[in-house]
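# Descriptive analysis of the structure
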Amino acid sequence: MLSQALSGKIKKNFIDYTNTRFLTQEVITDITAGDKHYVDILAEVKIKGEDGCVLVHIEPQAYRQANFARRMFIYFSRLYEKHQKRVLPIAVFAHDSKAEETNRHEVEFPFLKVLQFEFYKVQLKRLPWRQYINSNNPVAAALLSKMDYSPRERVQVKIEFLRLLTRMQVDPVSSTLGLRSPWHQRRPALTGPVFKLFFKSPWIISVTNGYNTGWSSQRNRL
């Protein structure tokens, strides 16, 4: 799903995912702000045609934050300092605002630009949901309700979401409870944060309630 959203930014098939290794959660402490944060998703991958590994840091963000780009730079610098490897930072914005998020943090003087840090961004509310309804990726299904759709399309988005789950044989109740399907077992570090973001949506709560009251006997009709 991320590779589809970032198409045109990251060259297709540039990253070799065959030997992906998810790392344990990192704790990042911002001394000046007094904050302690757990890096949600950190994976070690290879760039095709290159030796060695690089890190991919994916940071889901569920609300607007004025200094988010600065925070991404702090995470990047701490991860780079600790692992001594190149880090590819990606932010996934899941809030409901369509206002474009910045993906740059700069430090400069009138006579010198000291720092220009950039990261890739996926802003779900600016993505057209119809481009993802044929995906076989559970993450795309999980984030469908956070994408761009009109009030008139709300019911249709629900229906397409349930069709996606049916096609992929994903149980929305199990996903809500954090139970693991075979796909979860292959991507354990990836599904947790994105599913947590998704299942905060009010309408998906009603969908899972419907599942509990007999949806399982009706979903084959879709």
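My aim in this report is to walk through the structure given alongside it, one point at a time. If you're wondering where the values come from, they're calculated on a predicted model, not measured in any experiment.

### Re the packing of aromatic side chains
- Here the structure, examined in full by the defined rule, presents seven aromatic pairs.
- Here the aromatic rings of F68 and F93 are separated by 5.1 Å at their centres, their planes lie at 65 degrees, and the arrangement is edge-to-face. With a gap of 25 residues between them, F68 in helix α2 (residues 68-83) and F93 in strand β6 (residues 87-93) connect regions that are remote in the sequence.
- Members of the aromatic cluster, connected to one another through ring pairs, are F68, F73, F76, Y80, F93, F117 and F119.
- Taking the ring centre of Y149 as reference, the NZ or CZ of K125 above it sits at 4.9 Å.

### Examining the pairing of β6
- Across the seven residues of β6, six count as buried, placing the element largely inside the fold.
- Examined bridge by bridge, strand β5 (residues 54-61) and β6 share seven bridges and lie parallel to one another. In the sheet register, I58 faces β6, and the bridge partner there is I90.
- Handedness of the crossover is the feature at issue here: the chain leaves β5, passes through α2, returns alongside β6, and the resulting connection is right-handed.
- As paired strands, β6 and strand β9 (residues 120-123) are joined by four bridges and run parallel to one another. Among the inter-strand pairings, F93 is bridged to a residue of β9, identified as Q123.

### Quick notes on the sheet that holds β5
- A sheet is described by the order of its strands in space; here five strands give the open sequence β1-β4-β5-β6-β9, paired in mixed fashion. For this open sheet the edge positions go to β1 (15-22) and β9, each flanked by a neighbour on one side alone. Adjacent strand axes in the sheet meet at a mean angle of 25 degrees, parallel and antiparallel pairs treated alike.
- Seen against the sheet, α2 touches β4 (41-47), β5 and β6 and runs at an angle of roughly 150 degrees to β5.

### A short note on the pairing of strand β7 (residues 104-109)
- Two strands pair when backbone bridges link them, and β7 and strand β8 (residues 112-118) are joined in this way by six bridges, in the antiparallel orientation. By the bridge assignment, F109 is partnered in β8 with L112.
- Where β7 hands over to β8, the hairpin turn is made up of two residues, counted between the paired strands.

### Some details on α2
- With 16 residues, α2 should cover 22 Å at 1.5 Å per step; its first-to-last C-alpha distance of 22 Å lies within 8% of that length.
- Taken residue by residue, α2 has F68, A69, R71, M72, I74, Y75 and L79 as its buried positions.
- In the stretch just after α2, Q84 is the one whose phi turns positive, near 55 degrees.

Definitions and cut-offs
- Residues numbered from 1 in each chain as written.
- Predicted model: local features only at pLDDT ≥ 70, side-chain atom pairs only at ≥ 80, totals over all residues.
- Heavy atoms only, no water.
- Phe/Tyr/Trp six-rings, centres within 6.5 Å; stacked < 30°, edge-to-face > 60°.
- Helix = DSSP H or I, 4+ residues; strand = E, 2+ residues; numbered from the N terminus.
- Lys NZ or Arg CZ within 6 Å of the ring centre and 35° of its normal.
- Buried < 20%, exposed > 50% of the residue type's maximum accessible area, 1.4 Å probe, protein only.
- Pairing = 2+ DSSP bridges.
- Right-handed = clockwise from strand over helix to strand, strands pointing away.
- Axes fitted to C-alpha atoms, helices over the stretch in contact; angles between N-to-C directions.
- Contact = heavy atoms within 4.5 Å.
- Expected span 1.5 Å × (residues − 1).

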